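# Fold and contact review
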Number of protein chains: 2
Amino acid sequence: MKPNRGLLVVLSGPSGSGKGTVLKRAMQKNEQLELSVSVTTRAPREGEIDGVNYYFLTPEAFQNLLVEDGLLEWAEFCGNFYGTPREKIEQRLNEGKDVVLEIEVQGAMKVRAAFPDAVLIFNLPPSLEELKNRLIGRQTEPPEVVEKRMNTAVWELSQAENYDYVIVNDNVEDAANAFLSILSSEKCKTARNKALLAHF
Amino acid sequence: MKPNRGLLVVLSGPSGSGKGTVLKRAMQKNEQLELSVSVTTRAPREGEIDGVNYYFLTPEAFQNLLVEDGLLEWAEFCGNFYGTPREKIEQRLNEGKDVVLEIEVQGAMKVRAAFPDAVLIFNLPPSLEELKNRLIGRQTEPPEVVEKRMNTAVWELSQAENYDYVIVNDNVEDAANAFLSILSSEKCKTARNKALLAHF
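About the thresholds
Residues numbered from 1 in each chain as written. Chains lettered and ligands numbered in written order. Predicted model: local features only at pLDDT ≥ 70, side-chain atom pairs only at ≥ 80, totals over all residues. Heavy atoms only, no water. UniProt positions renumbered as here; feature names shortened; annotations may be inferred. Helix = DSSP H or I, 4+ residues; strand = E, 2+ residues; numbered from the N terminus. Rg over C-alpha atoms; globule rule 2.2 N^0.38 Å. Contact = heavy atoms within 4.5 Å. Phe/Tyr/Trp six-rings, centres within 6.5 Å; stacked < 30°, edge-to-face > 60°. Buried < 20%, exposed > 50% of the residue type's maximum accessible area, 1.4 Å probe, protein only. Core = buried A, V, L, I, M, F, W, Y, C linked by side-chain atoms within 4.5 Å. Buried area = accessible area lost by both parts, 1.4 Å probe. Nonpolar A, V, L, I, M, F, W, Y, C, P; charged D, E, K, R; others polar. 1 Å grid on protein atoms, 1.4 Å probe; cavity = no way out; pocket = protein on both sides within 12 Å on 5 of 7 lines; lining within 4 Å. Points joined across faces, edges and corners; volume = space filled by probe spheres on them. Least-squares fit on C-alpha atoms with pLDDT ≥ 70 in both. Pairing = 2+ DSSP bridges. Axes fitted to C-alpha atoms, helices over the stretch in contact; angles between N-to-C directions. Salt bridge = Lys/Arg side-chain N within 4 Å of Asp/Glu carboxyl O. Lys, Arg positive; Asp, Glu negative; His and termini not counted.

Chain A has the name Guanylate kinase in an unreviewed UniProt entry, where Congzhengia minquanensis is given as its organism. Its UniProt record gives chain A a comment under Sequence similarities (unreviewed entry), which states: "Belongs to the guanylate kinase family."

## Quick notes on the overall build of chain A
The helix and strand inventory of chain A stands at eight helices and nine strands. Here the C-alpha atoms of chain A give a radius of gyration of 17 Å, agreeing with the 16 Å that 2.2 N^0.38 yields for 200 residues. Across its three principal axes, chain A shows a C-alpha extent of roughly 60 × 40 × 30 Å. At a minimum sequence separation of 6, the contacts of chain A that also span at least 24 residues come to 69%.

## Quick notes on the packing of aromatic side chains
Residues and elements named next belong to chain A. In total, this model carries 10 aromatic pairs over all chains according to the counting rule given. Ring centres of F122 and Y163 lie 5.1 Å apart, and the angle between their planes is 75°; on these two criteria the pair is classed as edge-to-face. Here Y163 lies in the loop between α6 (143–158) and β9 (165–168) and F122 lies in strand β8 (residues 119–124), a separation of 41 residues in the sequence. By the burial criterion, F122 is buried, and Y163 matches it.

## A few points about the nonpolar core
Ranked by internal contacts, the top residues of the largest apolar core, which has 40 residues, are I121, I167 and F179 of chain A together with I121, I167 and F179 of chain B. Here the element with the most residues in this core is helix α7 (residues 172–188) of chain A; it accounts for eight residues. Ignoring any residue separated from it by four or fewer positions in sequence, one finds F179 of chain B in contact with V9, L11, L23, A26, L33, V100, I121 and I167 of chain B.

## Observations regarding the interface of chain B and chain A
With 26 residues of chain B in contact, the opposing surface of chain A contributes 26 residues. Between chain B and chain A, a total of about 2000 Å² is buried, with carbon and sulfur atoms accounting for 73% of that surface. When residues of the side of chain B that touches chain A are traced back to their parent elements, those giving at least two are β9 (165–168), α7 (172–187) and α8 (194–197) of chain B. Looking at the side of chain B that touches chain A residue by residue, the classes come out as 17 nonpolar, six polar and three charged.

## Considerations on empty space enclosed by the protein
Residue and element names in this part refer to chain B. Counting across every chain of the model gives one cavity of 30 Å³ or more. Size it by volume and the largest cavity reaches roughly 40 Å³. The dominant element in the lining of the largest cavity, judged by the number of residues it contributes, is helix α6 (residues 143–158), at four residues. Split into classes, the residues belonging to the lining of the largest cavity amount to four nonpolar, two polar and two charged.

## Observations regarding unusual backbone geometry
Even without glycine at this site, D69 of chain A takes up a positive phi of about 60°. You can see D69 of chain A is positioned in the loop between α2 (59–67) and β5 (71–77).

## Digging into the relation of the copies chain B and chain A
Superposition of chain B onto chain A requires a rotation of 180° combined with a translation of 0.0 Å along the rotation axis, giving an RMSD of 0.0 Å. In the structure described here, the two chain copies are related by an operation that fits a two-fold rotation axis. Every residue of chain B has its C-alpha some distance from the rotation axis, and the shortest such distance is that of S181 of chain B, at 2.3 Å. When the interface residues of chain B are mapped onto chain A, 100% of them again lie at the interface, so the same face is used by both copies.

## Quick look at the sheet that holds strand β1 (residues 8–12) of chain B
All names here are of chain B. Read across the sheet, five strands follow the order β2-β7-β1-β8-β9 without closing on themselves; strand pairing throughout is parallel. Of all the strands in the sheet, just β2 (34–35) and β9 have a single pairing partner and so form its edges. In the sheet, β2 pairs with strand β7 (residues 99–102) via two bridges, with the strands oriented parallel. Directly across from L35, in β7, lies its bridge partner V100. With respect to the sheet, helix α1 (residues 19–29) is in contact with β1, β2, β7, β8 (119–124) and β9, its orientation differing from that of β7 by roughly 165°. Seen against the sheet, α7 touches β1, β7, β8 and β9 and runs at an angle of roughly 160° to β9.

## Some points on the pattern of salt bridges
All names here are of chain A. This model, assessed by the stated rule, comprises 28 salt bridges over all chains. Where K29 meets E173, a salt bridge forms, and the shortest distance between an N and an O atom there is 2.6 Å. Linking K29 in helix α1 (residues 19–29) with E173 in helix α7, this pair joins segments that are 144 residues apart in sequence. Using a relative accessible area of 36% as the deciding quantity, one classes K29 as partly exposed. One continuous salt-bridge network, built from bridges that share partners, spans D117, E186, K189 and R192.

## Considering the side chain of E156 of chain B
Residues and elements named next belong to chain B. Note that E156 resides in helix α6. Of the side chains with opposite charge, K19 comes closest to the buried, unpaired E156, at an N-O distance of 6.5 Å. In this structure E156 touches G13, P14, S15, F77, E104, V105 and F122, once residues within four positions along its chain are discounted.

## Regarding the UniProt feature "binding site: ATP" (unreviewed entry) in chain A
Residue and element names in this part refer to chain A. The feature "binding site: ATP" (unreviewed entry), as given by UniProt, occupies G13, P14, S15, G16, S17, G18, K19 and G20 in the numbering adopted here. Here, the largest pocket is lined by G13, P14, S15, G16, S17, G18, K19 and G20 out of the annotated residues. Looking at where G13 falls in the secondary structure, it is placed in the loop between β1 (8–12) and α1. When near neighbours in sequence (up to four residues on either side) are disregarded, G13 contacts K19, F122, N123 and E156. The topology assignment puts K19 in helix α1. With relative accessibility at 15%, the residue K19 sits in the buried group. K19 has contacts with L11, S12, G13, P14, E102 and N123, leaving out every residue within four places of it along the chain.

Set out below in structure tokens:
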């Protein structure tokens, strides 16, 4: 029997909201989840691994992929390019796998346009003050970059209302559980179970 | 601070689909959930307790409550009357409690009309054959009542598409978890978090 098509899930949130940590914990708790690895032209941060955190591309390689229509969405963000490779996602969804995209707001809206039944989740920091503390505490960026990220964060937070769900990352465990509950719940939606209901 | 208004949750499903068992397990796992106790004119089954399973009323007492506009919804079902007392539900929702109504299809549609943001969940048996086996196995009803309940079940199952969610009761534990995931997920819906988003 053909498996049900998997869920395409988008997780966004400002830099410093901890979305990567929430997603990592959620994936530890549910090993069926697959993370789509994005491509980017930005330089790797310390500890980031090519093919795991991102595929790190030169601007030329990124442009070639774009021209070949190999990107589901792409965007420029703080001077760097980010994109989502299309082919593997389609394949995994058709195999019944749930695929998560960790992408920013502009890309999320492009995914929604291309996949109307994608599930869009926005990860909120507990407060703007806490977000700033986290960005300063990270100490990987100079103050002017922190300031730029805060301004971007305020804009991104204003876009949360365009998402289906919001989760508050007060606590990683609770946020990961909320994320996984949303996925379980979406699979129970009547609109996603027409074939099942036709059996009765 | 005023608590968020609680969720009003409706659980329906054919007799024999095991919705009562699923709900009981869900309530063991989440003690914050409150079950609204319905009123009925049907006779108690063995082991049923007045005020716990139902408030068992005479037809006259039921009618008095109805005339006083004390019922959120009511319906006749297999010759008996069932109703949902309104006042306590409003009070508990305003206190931030989640309230579950275990009611049949006609009542569920009336609740949706009165509370557009109620969450409607339909509990499916694994199959029609399994449903019939469960109804026969119960042995509390004569064959003609089983037959009548099966006919009603087929009609009720045709109404599942009007619910927000369906859960398949293959296994009580999984069904209870799915039920609780839906509640957690609904609380993350952006539309239910306007006040939170206004803080950013």
